[in-house]
Amino acid sequence: MSDFGIEPAVLEGISRVLGRELSASEKGLVPSFSDFLPADVDEFARLGRANGIYAISYIRFRIREGVGLGAVHSYFIDVVQGGKSVEDWISRSNR
């Protein structure tokens, strides 16, 4: 694992797709799924088109600690890939 808690090969792939290095200041910065900006969701979608593990790893990196993998996966599938609004996703999943 890297200092970011992401496997080195995955971290390298995320950086390559985003065209920048991740910053430690990004880690756990976002308190909840509803706080992601549209630009964040666009980045998640770009990562997901390259490799779903990149997207899920990056979402987990950005959101506060303690958010489970199942919630991140559901968010990725329903909101990022499926186009559901985060508000609808939250209300239907009690997140």
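Before reading on, note that the structure itself is shown above.
Residues numbered from 1 in each chain as written. Predicted model: local features only at pLDDT ≥ 70, side-chain atom pairs only at ≥ 80, totals over all residues. Heavy atoms only, no water.

This part takes up helix α4 (residues 69–81). Given 3.6 residues to a turn, an α-helix orients residues that are three or four positions apart in the same direction. The complete set of buried residues in α4 reads Ala-71, Val-72, Ser-74, Tyr-75, Phe-76, Val-79 and Val-80. Considering only its buried residues, α4 is in contact with α2 (38–50), α3 (52–62) and α5 (86–93). In the segment just after α4, Gly-83 is the residue with positive phi, at about 80°. (Buried < 20%, exposed > 50% of the residue type's maximum accessible area, 1.4 Å probe, protein only. Helix = DSSP H or I, 4+ residues; strand = E, 2+ residues; numbered from the N terminus. Contact = heavy atoms within 4.5 Å.)

What follows is about the nonpolar core. Ranked by size, the top nonpolar core spans 31 residues in total, and within it Ile-14, Leu-22, Phe-33 and Tyr-75 carry the most contacts. If we ignore the near neighbours within four places in the chain, the residues touching Ile-14 are Ile-6, Leu-22, Leu-47, Tyr-54, Ser-57 and Tyr-58. (Core = buried A, V, L, I, M, F, W, Y, C linked by side-chain atoms within 4.5 Å.)

Tracing the sequence through the fold places Leu-18 in helix α1 (residues 8–18). Each C-alpha atom, one on Leu-18 and one on Ser-34, is 22 Å from the other, the two residues being 16 residues apart in sequence. Those residues within four positions of Leu-18 in sequence are excluded, and the remaining contacts are Glu-43, Arg-46, Leu-47 and Tyr-58.

For the rest of this paragraph, the subject is the side chain of Asp-40. The topology assignment puts Asp-40 in helix α2. For Asp-40, a relative accessible area of 10% translates into the label buried. There is a polar contact of 2.8 Å between the side chain of Asp-40 and the backbone nitrogen of Leu-37. (Polar contact = N/O pair within 3.5 Å; in protein donor to acceptor, adjacent residues only side chain to side chain.)

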